[in-house]
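What the coordinates show
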Amino acid sequence: VQLVESGGGLVQPGGSLRLACAASGFTFSNYGMRWYRQAPGKEREFVATITSAGGSTTYSNSVKGRFTISRDNTKNTVYLQMTSLKPEDTAVYYCNVILRAYDYWGQGTQVTVSS
């Protein structure tokens, strides 16, 4: 199983970024996917999840209405579109999948929101 995140960077407050997570090593279309984030000195926190076919999504209260999770099962990729970014969104963002009760994580991509 391999998860590779990309798309992070430095953005000004109010700006947008789109993260991507390319998955391999498992049947991507069979599994729900999740995004988490971890800010310096804080625990990793849930951001969003999407079901296997993409028909249902759930968000943390802190990002609801600003972030959108989506997936393309033909490309084995899950996305996180982030808008109206705030300094408190600064974190390393990770994608996650649970296979046979085991958590798999990517290496993360840094998002920094600063003027």
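Residues numbered from 1 in each chain as written. Predicted model: local features only at pLDDT ≥ 70, side-chain atom pairs only at ≥ 80, totals over all residues. Heavy atoms only, no water.

1. As for the packing of aromatic side chains
- Under the defined criterion, the tally for this structure stands at six aromatic pairs.
- With 6.3 Å between their ring centres and 55 degrees between their planes, Phe26 and Phe28 make a pair best called tilted.
- Looking at Phe26, the relative accessible area reads 13%, which means it is buried.
- Judged by relative accessible area, Phe28 falls into the buried class, the value being 2%.
- Considering the side-chain rings of Tyr36 and Trp105, the 5.0 Å spacing of their centres and the 70 degrees angle between planes classify their relative orientation as edge-to-face. Taken as a pair, Tyr36 in strand β4 (residues 33-38) and Trp105 in strand β10 (residues 102-105) lie far apart in primary sequence, 69 residues in all.
- Relative accessible area serves as the criterion here: at 33%, Trp105 is assigned to the partly exposed category.
- Within the aromatic cluster, the residues linked to one another by ring pairs are Tyr36, Phe46, Tyr94 and Trp105.
- Across the ring face of Tyr94, the terminal group of Arg44 is positioned such that the distance to the ring centre comes to 3.8 Å. (Phe/Tyr/Trp six-rings, centres within 6.5 Å; stacked < 30°, edge-to-face > 60°. Buried < 20%, exposed > 50% of the residue type's maximum accessible area, 1.4 Å probe, protein only. Helix = DSSP H or I, 4+ residues; strand = E, 2+ residues; numbered from the N terminus. Lys NZ or Arg CZ within 6 Å of the ring centre and 35° of its normal.)

2. Some details on the side chain of Arg71
- Note that Arg71 resides in strand β7 (residues 67-72).
- Despite its burial, Arg71 pairs with no opposite charge; the closest candidate is Asp72, at 8.3 Å N-O.
- Among the polar contacts listed, one links the side chain of Arg71 to the backbone oxygen of Ser52, at a separation of 3.2 Å.
- In this structure the side chain of Arg71 is engaged in a polar contact, spanning 2.8 Å, whose partner is the side chain of Asn73. (Lys, Arg positive; Asp, Glu negative; His and termini not counted. Salt bridge = Lys/Arg side-chain N within 4 Å of Asp/Glu carboxyl O. Polar contact = N/O pair within 3.5 Å; in protein donor to acceptor, adjacent residues only side chain to side chain.)

3. A closer look at the nonpolar core
- With 28 residues, the main nonpolar core has Trp35, Leu80, Met82 and Tyr93 as its most contacted residues.
- Contributions of two or more residues to this core are made by β3 (17-24), β4, β5 (45-50), β7, β8 (77-82), β9 (91-99) and β11 (109-113).
- Among the elements that line this core, the one with the most residues is β9, at five residues.
- Sequence-distant contacts of Met82, that is, excluding residues within four places in its chain, are made with Gly15, Ser16, Leu17, Leu19, Arg66, Phe67, Tyr93 and Val111. (Core = buried A, V, L, I, M, F, W, Y, C linked by side-chain atoms within 4.5 Å. Contact = heavy atoms within 4.5 Å.)

4. Things to note about the sheet that holds β3
- Spatial strand order, β1-β3-β8-β7: four strands in an open sheet with antiparallel pairing. A single partner strand is all that each edge strand has here, and the edge strands are β1 (2-6) and β7. Between one strand and the next, the sheet's axes are offset by a mean angle of 15 degrees, whatever the strand orientation.
- Summarising the sheet, β1 and β3 pair through five bridges and their orientation is antiparallel. Note that in β3 the partner of Val4 across the bridge is Ala22. (Pairing = 2+ DSSP bridges. Axes fitted to C-alpha atoms, helices over the stretch in contact; angles between N-to-C directions.)

5. Structural notes on the environment of Ile98
- Mapped onto the fold, Ile98 is located in strand β9.
- Sequence separation between Ile98 and Val113 is 15 residues; the distance between their C-alpha atoms is 29 Å.
- Ignoring anything within four residues of it in the chain, the contact list for Ile98 reads Tyr31, Arg34 and Asp103.

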